[in-house]
Amino acid sequence: MAELRTSNLPTMGSNLGAVKAEIDRAIDSLLGKLQQVNSTIHGNPEPAFKERLACETISSFLTSLKPGIKNLSVATSVYGLATCFEARYQSSVPTSRCVNFNAEYDALPGIGHACGHNLIALASLIAFVALTSVLEKFGVAGCAQLLGTPAEEDGGGKIKLLEAGAYKTCAVSLMAHPTAPSDHPKGYNGTAGQTSTALLDITCTFRGKNSHAGLNPWDGVNALDAVVCAYNNVSVLRQQLHPTDRIHGVILEAPKIANVIPGETRTGYTVRSSTRQRASRLGERVEACLAAAGLATGCQTDIQREPLYADLRLNATLCSRFAANMSLWGDNVCEFQEGFTGGSTDQGNVSYAVPTLHAYFGIPAAFGVQVHSLEFANAAGTAEAFAAAVRVGKALSLVGWEILTDDDLFRQCVADFELDKTVRGCA
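Since the structure is predicted, the reported quantities are computational estimates derived from the model, not experimental observations.

> Can you lay out the overall build of the protein chain for me, pointing to particular residues and giving the numbers?
On a plain count of helices and strands, the protein chain comes out with 12 helices and 14 strands. Principal-axis analysis of the C-alpha atoms places the extent of the protein chain at approximately 85 × 45 × 40 Å. Scored against the burial criterion, the 427 residues of the protein chain give a buried share of 54%. Counted over contacts in the protein chain with a minimum sequence separation of 6, partners at least 24 positions apart contribute 81%. Counting only carbon and sulfur atoms, one obtains 54% of the accessible surface of the protein chain, whose full area is about 17,300 Å².

> Can you explain the sheet that holds strand 11 (residues 264–273)? Please cite residues and give values.
Taken together, the 4 strands give an open sheet; going across it, the order is 9-11-7-12, and neighbouring strands pair in antiparallel fashion. What marks the edges here is a single partner per strand, and that holds for strand 9 (246–253) and strand 12 (300–305). On average, each strand axis in the sheet is tilted by 20° relative to the strand beside it, whichever way the strands run. Bridge analysis of strand 9 against strand 11 gives 7 bridges, and the strand direction is antiparallel. When the bridges of strand 11 are listed, E253 appears paired with R266. On top of the sheet, helix 6 (residues 223–237) reaches strand 7 (198–207), strand 9 and strand 11; it is set at about 15° to strand 11, its chief contact.

> Describe in detail the environment of I159, supporting the description with residues and values.
The residue I159 is located in helix 5 (residues 157–163) in this model. Among the residues examined, I159 registers a relative accessible area of 7% and is labelled buried. Linking I159 and L308, residues 149 residues apart in sequence, is a C-alpha distance of 8.5 Å. Setting aside anything within four residues of it in sequence, one finds I159 in contact with P307, L308, Y309, D346 and N349.

Cut-off values and rules
Residues numbered from 1 in each chain as written. Predicted model: local features only at pLDDT ≥ 70, side-chain atom pairs only at ≥ 80, totals over all residues. Heavy atoms only, no water. Helix = DSSP H or I, 4+ residues; strand = E, 2+ residues; numbered from the N terminus. Buried < 20%, exposed > 50% of the residue type's maximum accessible area, 1.4 Å probe, protein only. Contact = heavy atoms within 4.5 Å. Areas by Shrake-Rupley, 256 points an atom, 1.4 Å probe, with all protein chains shown as cover. Pairing = 2+ DSSP bridges. Axes fitted to C-alpha atoms, helices over the stretch in contact; angles between N-to-C directions.

Structural measurements only, silent on function.
Here it is, written out as structure tokens:
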């Protein structure tokens, strides 16, 4: 955790208006170019770990700003990931406190940016550029980092970045995710804090033995039977699940002809629960169902776990400041929304490492439209969605400014994080 230091400038009071004005000036002067960045990413959706155009588009935009921003560096293919970039600004005044923003930009195969990651990237890009502008303008000590984080939908890009040390210098991590308007309490168009579910992907390959289904079926070991048994085992397990638990599966590899006893099949299951501890334990029960299917059919089993997406840990201070700052741009955002959500994010893993904000903002969409649908992908490309992401990016930059300039606020943010550590393992 970054050390505390004396603030260079007060955060509240009359100075806040000057900071907001500089944020507006810096971003409004770039709106045309930012629209082009957003349109390029939205119009050219790329799946996990293949986000080459998105990575190049943002990094090129940032590189074009280097002549006007001192001490700005931009690097691509960093931390061992080909589609990850890192932009970093370090003020001339020495400081060890760094604010991170995460730019997601992977899309869903077949339905494009149906989770609105183009808007996540846009908001974080705006936040980073705005924060560097106010730090330069007022000569304040601070460090800002923008990470291009690939493969949130599938592959856990941020988990790999954590392992590679991408967040080791960060004091906080900030980002925001678009949603349908109906996802927020009545009267609000955003939510600063809402937990996510932990997620674990499990795959199992069943290996049996081929034989002719008509001539000598008794010589075969049926791998398709193993998949069927596994499905039935998990279906029985579902009867005893907690209301916040989820298990959903798919047959990844199946036989293509009926007159051969199938010798190999593969199935995959996604396990979700309220915390990473509960998801891991539920995963063990699913793995037992898979192993039992192999035992019953005589097949060999090869069970593989993917990295676990942790539940999102909330930071009350960051949620409060984001909600307050959004009001400066005319948005009514609730600080915290209780209740179950079935969504998961690898930002949850980041929240176990540093104080984190993963806010949600509504974008205009027809009634009943939700994320992970073609209709939401279309909504994420509208001018109204762009405008919403601009306001969010500005508010995120102001949260970053406060973290860098208000020591009391940062102390409270750290205290929230440390308090949360004491309750994480209780569920």
